[in-house]
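Understanding the architecture of this molecule
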Amino acid sequence: MRFIPHTADDVRAMLAAVGVDDVSDLFRDVPAALRASGTLNLPTGVPEAEVRAALEALAARNVGASQLSFIGAGAYPHFVPAVVDGILQRAEFYSAYTPYQPEVSQGTLQAIFEFQTLVAMLFDLEVANASMYDGASATAEAVLMALRLQPERHRVIVARSVHPEYRQVAQTYLQGAGDIELIEAPFGEDGRLDLAWLGAQADGATAAVVVGYPNFFGVIEDLRAVRAALRDSGAMLVTTTAEALALAIVQAPGSLGADIAVGEGQSLGVPLSYGGPGVGLFATRTRHVRSMPGRLVGEAADEAGRRGYVLTLATREQHIRRERATSNICTNHGLMALAVTVYLSLLGKSGLRRLAALNLERAHCARRRLCGGARWRPRFSGPFFNEFVITGSGAGAALEQAQRAGVLAGVSLARWYPELEDALLLAVTEVHTPAAIDRLIEVLGT
Amino acid sequence: MRFIPHTADDVRAMLAAVGVDDVSDLFRDVPAALRASGTLNLPTGVPEAEVRAALEALAARNVGASQLSFIGAGAYPHFVPAVVDGILQRAEFYSAYTPYQPEVSQGTLQAIFEFQTLVAMLFDLEVANASMYDGASATAEAVLMALRLQPERHRVIVARSVHPEYRQVAQTYLQGAGDIELIEAPFGEDGRLDLAWLGAQADGATAAVVVGYPNFFGVIEDLRAVRAALRDSGAMLVTTTAEALALAIVQAPGSLGADIAVGEGQSLGVPLSYGGPGVGLFATRTRHVRSMPGRLVGEAADEAGRRGYVLTLATREQHIRRERATSNICTNHGLMALAVTVYLSLLGKSGLRRLAALNLERAHCARRRLCGGARWRPRFSGPFFNEFVITGSGAGAALEQAQRAGVLAGVSLARWYPELEDALLLAVTEVHTPAAIDRLIEVLGT
Amino acid sequence: MRGSKQAGLLLDEPLIFERSRPGRMGCDLPAESDVVRECLPAELVREPIDGFPEVSEPEVVRHFLRLSQWNLGTATTFYPLGSCTMKYNPLVDEAVARLPGFANLHPLAPDEYAQGALQLMWELQDMLAEISGMDAVSLQPAAGAQGELAGMKMIRAYHRDRGDPRSVVLIPASAHGTNPASAALTGYRVQQIEGSQLGLVEADAVRRAMDERVAALMITNPNTLGLFEREIAQVAEAVHARGGLVYFDGANLNALMGVVKPGHAGADVLQFNLHKTFSTPHGGGGPGAGPIAVKAALAPYLPGPRLKREGNLLRWSDMPARTIGRVRSFHGNFGVLVRAYAYIKALGSDGLAQATAMAVLNANYLRVRLQHTYQLAYPGLCMHECVFSDKPFEPYGVKTLDIAKRLLDHGFYAPTIYFPLVVSGALMIEPTETESKETLDQFIAAMEAIAREARETPDVVRAAPTRTPVGRLDEARAARRPVLRWQPRTEAGASGGER
Amino acid sequence: MRGSKQAGLLLDEPLIFERSRPGRMGCDLPAESDVVRECLPAELVREPIDGFPEVSEPEVVRHFLRLSQWNLGTATTFYPLGSCTMKYNPLVDEAVARLPGFANLHPLAPDEYAQGALQLMWELQDMLAEISGMDAVSLQPAAGAQGELAGMKMIRAYHRDRGDPRSVVLIPASAHGTNPASAALTGYRVQQIEGSQLGLVEADAVRRAMDERVAALMITNPNTLGLFEREIAQVAEAVHARGGLVYFDGANLNALMGVVKPGHAGADVLQFNLHKTFSTPHGGGGPGAGPIAVKAALAPYLPGPRLKREGNLLRWSDMPARTIGRVRSFHGNFGVLVRAYAYIKALGSDGLAQATAMAVLNANYLRVRLQHTYQLAYPGLCMHECVFSDKPFEPYGVKTLDIAKRLLDHGFYAPTIYFPLVVSGALMIEPTETESKETLDQFIAAMEAIAREARETPDVVRAAPTRTPVGRLDEARAARRPVLRWQPRTEAGASGGER
Ligand SMILES: Cc1ncc(COP(=O)(O)O)c(C=O)c1O
Ligand SMILES: Cc1ncc(COP(=O)(O)O)c(C=O)c1O
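No experiment lies behind these values; they were computed from the predicted model shown.

Right, let's talk about the site of ligand 2 for a bit. Taken together, 16 residues lie near ligand 2, and Thr331(B), Ser83(D), Ala145(D), Asp249(D) and Lys276(D) sit nearest. Proximal residues around ligand 2 fall on chains B and D, making this an inter-chain site. Contacts to ligand 2 include Thr331(B), whose side-chain N or O atom sits 2.5 Å from an oxygen atom. A distance of 2.7 Å is found between an oxygen atom of ligand 2 and a backbone nitrogen or oxygen belonging to Gly144(D). Here ligand 2, which alone exposes 390 Å², has 99% of that area covered by the protein.

The following block contains the structure:
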C-alpha cells in the first residue's frame, strides 16, 4: 500500500524487536471471540487513478454545481481569489494540528491571532475566539454562554427570523441542559423582529434574545431598537450573522449593543462545498472572556523577549476542565479560519467595502427589476443587503420551472415557514453578472 | 493594481529621494520622439474574477481536452499522481530561478542532482544534464555536440523514422552552422532503420547517426545492429526517445552502445498542456561531459564538510564562454525536471516497470483486436511499446468519422509521410481502460 | 558523510496589520458608486472597517508563506501526537475535494442536482457501518466532540422515550476531556470509574457502579493509554444488564480496523473521528468530521434529516419523528467526507487492515525500544500508541515538558504530554502506520540522546528549545495578562499588538 | 518590540536514493503479468532499473517538501536578481494554467477541438505586437535564447534571400551571454562594440563598425547596465543604412511598457522573455517562453507553422514557404503562454504602464539610496535596474561575492553578480515593481549594515553565509572533481553520492 512504508524486512525486524512471531500476535489482548468477526466486507484498495476517476464521476453528477444559482439561505456563492487556496494548500498549515507546541507552530498561532483580531473588528467587539464549527453551533454556544453567565435566568428568546437550521441546532444543544424555555419571537411586515412583542415578553427571567443580522430573510434588523426594548429586562443581546460580508457595509452589532455576536464565515473565502466545512465566528466583550467557549490565542514572549503566540486561557476548555468546561469543543475549524484570514487580508479595508457595495447594488437592482411588473413583489419592506424575499402566486411552481430552464432561482420559504407559502428567498452577489441577472428575470418573469 | 504595492505617499517619498518631480521625469533619457507613441492600445486591467472567467471560457472551448483520445505522436496521455503537482505548487520551487546562490537554493540543486541521476539511469549512461527545452531541441543539441566532438566530420544521418518535428528542429538549428550535410535514412517494412542502407552510407565523414528509440512509428529499433553497422565509420550513435516510459521496459540505449541519448520527459509526470512545457532529457558518457550543452549540478561541500550541491562546469555555458559556449541555452525546463524527479521517485523501481508493462499490454491488446478482422492490419512488423501504426484503405476518412463519434483515434501519418497515406498512428497507455479500447474498436471497426 | 542542515534561515514576519499602509490594495474592484446611499438608510451604513489590513497581493502571499514556514506538520516531519492519529494526508484527497462539482455545490441545491454528493454520502455511511459493525450512521456531526454530543442527546432521548430518564454517565478516569464535557452538556452527572492496576476498566468495577440512574458508560477502546479494554464484552453486558447503554468513543479506531468491530463488542453508540482514522488533514486545529453510528434501536434518534433512497434517486428526508434534531447546519463537513471516502476507497478492506496492523506494530516497536530509557506507564503489548512517564528523570529535575521541548530541537513534533491525566508526566506517543522504521529509529535515537542529556546536562534540556524560531514562551504570563488581539493604533506609537 | 525569528529549524534530508528500501512502493499498480514476454522479444526486455528509488508516498512528499524549504524564492523574499525581473507570480495564473481544458489538451488535437487555445495564442500574439510595436509574432520559442536563435536564423535567411549573405554580428560588450552564443550558433562571427564612458552604445561607434559584412546589430535596451540606449534611433539608422538589421533583445521590456515601443525605435527582430516581463514563474531555472516578433519584411521567415484565421475558425497553417522552420516541437510552451495571457489581461494597458513606472521608480530609489555606500557603475538615472561595483571595499579585502553571501544571512536573495562583465565586481540589482518601499528600505538597511561590517569586521562578511542550511560551498573543488550523480552502491558501504 503506497501510504505504508513497511517492507517485509522491516516487519520481520520490528516483530523480532517486539518479541512476537506474527503481526496477529500483537492483538493478543483482543479476545478471540471479538477478533473472529473483525474482517471487513469492503472492496479491496485501488490505485490513485481509480480513486480519482471514481470521485470525478461522482462530482460530475452534481449538476447543480455548475448551474446559475441564486440560492443563498445561509451559504453564499462568492468569488474566492486563488491566493486563498494557494495558502490552504501549504502542507505546513493543513497537516499540523492544534498548536500545543507553540515554538514550532507559530504559523498557525500568528494566523489565528490575526483571525481573532479580524473577527473582533468585523463585529466591533473586543474579543473573538479561534473558531467554532459553523454559524449554527456558534449560535447554540452563544445561548449556552448567556445562560452560564446568568444562571438565575431560564428563558431564551430566539427570533423566528433567525436561520431555521440555527434554531434547530440551538434546540438540540439545549436538550438536557436544564429547564430552559426557548421561545420564538415573531416578525413583522418589514421582516424585522416584532418589537412590541419583544418589549412585552423579555423579562427578568430572559437570559438572551437572539436575532439574525441580517436575518434569514436578508432583512437588516434595527439592533438599536432591539437593544432599547431589552433595557428593562437586562437580557443579553445575541446576534447571529449568516452572511458575514454584510458587516462590511452595515453597522457592526458590537457598536449597536450586542453582547455576543456570532456568525458563519463561509462567505469570506470558503467555497460552498455542499455546506461544509465553513467556520463559526464568535465574539464578545472582554469581561465575558472566561466564559467563552472555544480556543483562544494570546500574545506571549520568550526569555529573549521575542514576541510569539500561544494557546491561552485553556482552563475554560474540556481538556483541562472536563465536565466543567465552557464547551465540549476540541477540534475546531482552524483551516477555514485561516482561509478567512487570508481572504480578509487580501480584500482589505477598502476592497471588502467595495465588494459589499457591489453585492448591495446588484441585489437591489435584481429585486427592483423582478418586482418591476405584476408578477412579483417584495415580501418585506425592511432594509436588506444581498438577499431578499419576493412573493407571487405559484412561487413554488415558478421555481421549478426556472430549474428546468437551468437556473436555480433561490429557495422557497414554504418548507420552513408555512405562513410564507408563496415566497422565494434569493441571494445576489458579485458572482452574478448583469447578464446573469437578465437571465434570472427572463426565467422568473416580472 | 493589486500586484503593485505603491501608495500615493510611497511614490511621493520615493520621487523626492530620487530628486525628480514626477514619474515621467524618470524617463528623461528616453527621447521624446520615441515616448510619444509609447501608449498601449489594449483594454485596461480587470479584477481577478474576470481574468478567471475569461480563461475558463477559453479552456471550455478546447473540447479536445475532454475527449477519449488515442493521439500520441510525441505527447502522451498518462496519469499524473497528485503528489507531483502538489510539489510543483510549492512557491519556494516555482518562484526561484537558476540557483546562482547555492546556499539558499539547495532544494532546487539537490532535486536537479537527483534528476541528473535518474535520467542517467534511465538511459543507462554516465551523466545527464539539468534539462533541455524539449525532445526536439535536445536532439538538435545532440547533433551539434557530435559535430563539435568531431570537427573533421560534416555528415549527419537522421532516420526518417525520427519524430518529424525533431528532424525539423535539428534542421533549423543546423542553419548556418557550417557546411553540414543532413541526410535521412529510410525505414524498412518492419518500421526499423534500413540497416543495409546505413551500412553503405555511414562513412568516415559521418559524425552521427540519429535514431528514434522507440521511433515515431512506435517501433523499437535494433540498436545493437545499428551500432554494429556503424562500427567501421566511427560515427556516434545518438538515440532520441519521445516516449520515455518505454525505457522502463526496453533495453537502455546506453547499454546498447549509444554515445548520446536524448529524449522528451513529458510522459514522466508532465501534463499534455497542448504540447508544452515538457522537458528535454540529455545524457552521454563522462568523457564527453565538457562538450555537453546545458546546466550541470555537482556535489560540493562547505567548510564544515557538510554536503551540498552547486552549479558546476559552467565554463561550457554562454554566461561564461559567450560565443564559444557549447550551447546558447540559459533558461531551461527546471520545474518540469522537478516534476519528472517527483514522478520517478513515486513510481519507483517496480512501479515504473509495472506501469510500462501495463502500457505494453494494453497497446498490444488494442492492436491485436483492431487487426483481428479485415479492416485494419499492422503497418510494421517490428516490436513496439505503447504506440503502433495500422493501415487500411480510407484511413483518413475513418479517423474523421471516429472524431465525429467523439473519439480522437490517433493521427494520420499522411501529413508527414506521403508514402504512408492510409496509415494511422495510435498510442494506448494506462489511461485507456478496457472500456475505452472497446470504444476505439467500435468506432474504427475491425 | 551526511550533512546536517537542521539549522537554517527562517524569515521574520510582522502581523499582517503591521504591514498595512493606507491606500494599499490586494484586489481591484470598482470604486463604490452612490447607489449605496439609495439602498440603505444612512444610519445603517458603516464606515470601512478601521484597522483592517491594507496590503498588496504579493505581500499577502509572502506573509502567509512565511508564517507557514514556522510550522511543523505531519507532511514535513514525524508528529507523534498521541490520541490524534497524525497520519499522512494523501494529496489526491486534497485534489478531489476541490473538484468544482463538489466545491461549488450549494447545500440547498435540489437533491436531483446533487446526486453525486448524496451517493458519496450514502456509500460512506455504509462503509463506516461496515468498519464499525454498527447499524446506522449519520454524517452530520462536525467533529468528534459534536458526535459525542449527538450521541449523548440520543441516549437521553432513548431513555426518555422509554419513560426511564436517567441522570448519570460513567466515564473512566483516562477518558478524553470531551467525554465528560459532552455528557455534562446533556445534563448528566459524570461519575468517574477508576482503572485497574493494568490501566483497564474492569467489568466488576462497572457492575458495582451500575444502577438504574446510569444512562450510559462512555468507554474508549483502545483506551487513551493505548491499551485494549479486554473486558469490553463483559463491561457492556454489565451496562446492558441494568438498562444502560454503551457509548464507544471511536477516536482510536485506527487500532481496530479489520480486527474488531465495536458493534460486535457491545457498543450502542459510537463516533468516528474521520480526521484521525481516515486521514483527513487536521488543518492546524480542524476541520474534522465526527459521524455518529448506532445500533438499530437508536437509529430513530439520529440527527436529521436522513438520507433515503427513492427509486433511482437519493433524497434528504424530512425531520424524522424521534430524531434529536440537528447538530449542524446543512449536511456536515462535506469536504471532509469527500476526503475520507477517497481514503477508504484507496485502501479498501486490505489496506485498512494493513494500516491497523502497521500502526500497532509501530507503536509496539517504539514501546520496546524506549521502555528501558523511559518509564512505561503500563506494561505489556499496546495498541496504536504507548504512554511513558518522566519518572526516571525526577532526580535530575527534568520534566515531560522539557523532554517535549527538546524533541523540537531534533526536528520532531512532541508527543501529547500530561495526558492521560492518570499518568503523571505522561508522554503519549502515537506513531501511526505511515511512518517508516528509519524514522522511528531516528526518533528513538533522539529520545535516547535526550535521556542522556537529562542525566548529564539537565540544563540543556530545561533550556530547550533553542533551534526554533522562538524560544520557550511564557504561557503563564500570557494567561495572566491576556492580549488576545492586535489593536489599531489609537495614538502615535501605541499599539496593542506590539506593546 | 519586533522579534527576530530569522534563525530557525530546517529539517535534514538525504538524497531520495538514500531513502530507498528494497520493496517499498510509492504507487499501487497491478503486478506484471506474463504478457510482457509475449509482446516483446526477450533480448529487448530490460530489468527493472537498478538504483531507482523505492520509497512510499509519504516519504516522497516529505522529501520534496523539505527540499523546498531550503530554497528562497521571490514568493518568500526579495529576490533582486538583475536581468531576471523576479516579480511576483500571481497565483491565479497558476490556477488557470491547470484548468483541464488547457492541461489535458493534446498538441495534435484537431484545430476545431482546440479553438480556445488557438484564440488565446492569437490574442497573445496581438498583445505582444502592440506592446512591442512590431508587426508579427511567433510564440514558438521556448525561452529567450531560443527566441534569439530563431531571430538569428531569420536574419540569416533574409540576407540570403536577398543574395547578400553576411558574416558578422555586432554585439555590445555589456550584452547577455546568450546574444553572442546565439549569433555564433548561426555561423556568425561576433564583433564586439565597446560602450561609451556612459555605458552606452554610440551611433558613431556603430557607424564605424558597420559595413556590408555585418548582418545585424544585437542590442539590449535598456541595456544590462539598466541604462536606456538614448541613441537607439540613430544606431538603428546607422545599421539600416548599410543594409543591416537590428536585433532588439527584449529581455528588459519591463522598463518600457507604455513608454517606448521598440518597433518604433528601429527594431527589426525582438524576442520577449515572458518569464520576466509577463511574470510567469522562473521555476528554479525555467520553463520560460521567448516569443519572437518581427517587422513585416521579416514575417515570412518566422518559425512555422503559423496561426491563420479561416472564417470563424483559427487553424495552423502548413509550413510557410520561406520560414526558417521549427525551433521547437508543437506550439511552444503553451502553459507559459496561458499565464502570460492571464497576466496581461489582469494588468491591461494601465497596469502594464504602471508596472513599468514603478519598476523604474524602485530601481532609481535603490540607486540613490545606495550610491553613497556602494559605487555606482554609471551615474545618472537608471531604468529598471542599477549596477554597483565592490570598489569601495577593495581596501578591506571584501568582494562582491562576500557581499552577496552576507545578504543571504539577512534573508534576501543576492543580486546578479559579476555581470555585466564590463563592470568589475558588478552587483546588478533589479527590484521590479512588485516590491514595496518598506522592503526596499529593509534591503537598503542590510546593504548599509554589510558595508559597515566590511569596513569594521571584514572577516564576518568573508565568512558569510552563516545562517543558511549549508555554508559557502567549495565550487572550485566541485568543478575539479565533478560528482554529477549519485551511484548505486556497488559493494557494501560504498556509495558515489555519499563518498
Ligand atoms: C479519544 C478522543 N476522543 C474524542 C476526541 C474529540 O474529537 P474532536 O477533537 O474531533 O472533537 C478526541 C480528540 O482529540 C480524542 O482523542
Ligand atoms: C538580457 C538578456 N537577454 C537574454 C536572456 C536569455 O533569456 P532566456 O534565459 O529566457 O533564454 C536573458 C536571460 O537571463 C537576459 O537577461
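Still more ground to cover, so stick around.
Turning our attention to the site of ligand 1. In the vicinity of ligand 1 lie 16 residues, with Thr331(A), Ser83(C), Ala145(C), Asp249(C) and Lys276(C) positioned nearest. Chains contributing residues to the immediate surroundings of ligand 1 are chains A and C. Between Ser83(C) and ligand 1, the recorded distance is 2.6 Å, taken from a side-chain N or O atom to an oxygen atom. Contact between ligand 1 and Asn273(C): an oxygen atom at 2.9 Å from a side-chain N or O atom of the residue. Protein chains bury 99% of the 390 Å² of accessible surface belonging to ligand 1 in isolation. Of all the secondary structure elements, the ones that give two or more residues to the shell around ligand 1 are helix 6 (144–161) and helix 10 (274–277) of chain C.

The next point concerns the packing of helix 3 (residues 48–60) of chain A against helix 11 (residues 334–370) of chain C. Contact geometry of helix 3 of chain A with helix 11 of chain C gives a least axis separation of 10 Å together with a crossing angle of 140°. Relative to helix 11 of chain C, the element helix 3 of chain A lies oblique. When the axes of helix 3 of chain A and helix 11 of chain C are compared, the crossing they make is right-handed. Together, Val51(A), Ala54(A), Leu55(A) and Leu58(A) of helix 3 of chain A and Val338(C), Tyr341(C), Ala342(C), Lys345(C) and Ala346(C) of helix 11 of chain C make up the contact between the two elements. A per-class count over the contact of helix 3 of chain A with helix 11 of chain C returns eight nonpolar, no polar and one charged.

Across a sheet, strands are paired by hydrogen bonds formed along the backbone, either parallel or antiparallel in direction. All names here are of chain A. Ordered in space as 11-12-15-14, the four strands form an open sheet in which the pairing is antiparallel. A single partner strand is all that each edge strand has here, and the edge strands are strand 11 (377–378) and strand 14 (411–412). Sheet contacts for helix 12 (residues 334–370): strand 11, strand 12 (387–391) and strand 15 (423–427); angle to strand 12, the most-contacted strand, approximately 5°.

Moving on, we get to the packing of aromatic side chains. Think of a pair of aromatic rings as described by two things: how far the centres are apart, and how the planes are tilted against each other in angle. The full count for this structure, using the stated rule, is 46 aromatic pairs over all chains. With a centroid separation of 5.2 Å and 90° between ring planes, the pair formed by Phe216(B) and Trp416(B) is classed as edge-to-face. Of the two residues, Phe216(B) sits in the loop between strand 5 (206–212) and helix 10 (223–230) while Trp416(B) sits in the loop between strand 14 (411–412) and strand 15 (423–427), which places them 200 residues apart along the sequence. Residues Phe216(B) and Trp416(B) agree in their burial class; the two are buried. Arranged with centres 6.5 Å apart and planes meeting at 70°, the rings of Phe278(D) and Tyr343(D) form a pair that is edge-to-face. Taken together, the residues Phe278(D) in the loop between helix 10 (274–277) and strand 8 (292–294) and Tyr343(D) in helix 11 (residues 334–370) connect sequence positions 65 residues apart. Pair check on accessibility: Phe278(D) and Tyr343(D) agree, each one buried. Here a set of aromatic residues connected by ring pairs shows up, and it is made of Phe187(A), Phe216(A), Phe217(A), Phe380(A), Trp416(A) and Tyr417(A). Taking NZ or CZ as reference, Arg375(A) lies 4.1 Å from the ring centre of Trp376(A), over its face.

Definitions and cut-offs
Residues numbered from 1 in each chain as written. Chains lettered and ligands numbered in written order. Predicted model: local features only at pLDDT ≥ 70, side-chain atom pairs only at ≥ 80, totals over all residues. Heavy atoms only, no water. Near = heavy atom within 4 Å. Polar contact = N/O pair within 3.5 Å; in protein donor to acceptor, adjacent residues only side chain to side chain. Areas by Shrake-Rupley, 256 points an atom, 1.4 Å probe, with all protein chains shown as cover. Helix = DSSP H or I, 4+ residues; strand = E, 2+ residues; numbered from the N terminus. Axes fitted to C-alpha atoms, helices over the stretch in contact; angles between N-to-C directions. Parallel < 35°, antiparallel > 145°, perpendicular 65-115°, else oblique. Left-handed = near helix turned anticlockwise from the far one by under 90°. Contact = heavy atoms within 4.5 Å. Nonpolar A, V, L, I, M, F, W, Y, C, P; charged D, E, K, R; others polar. Pairing = 2+ DSSP bridges. Phe/Tyr/Trp six-rings, centres within 6.5 Å; stacked < 30°, edge-to-face > 60°. Buried < 20%, exposed > 50% of the residue type's maximum accessible area, 1.4 Å probe, protein only. Lys NZ or Arg CZ within 6 Å of the ring centre and 35° of its normal.

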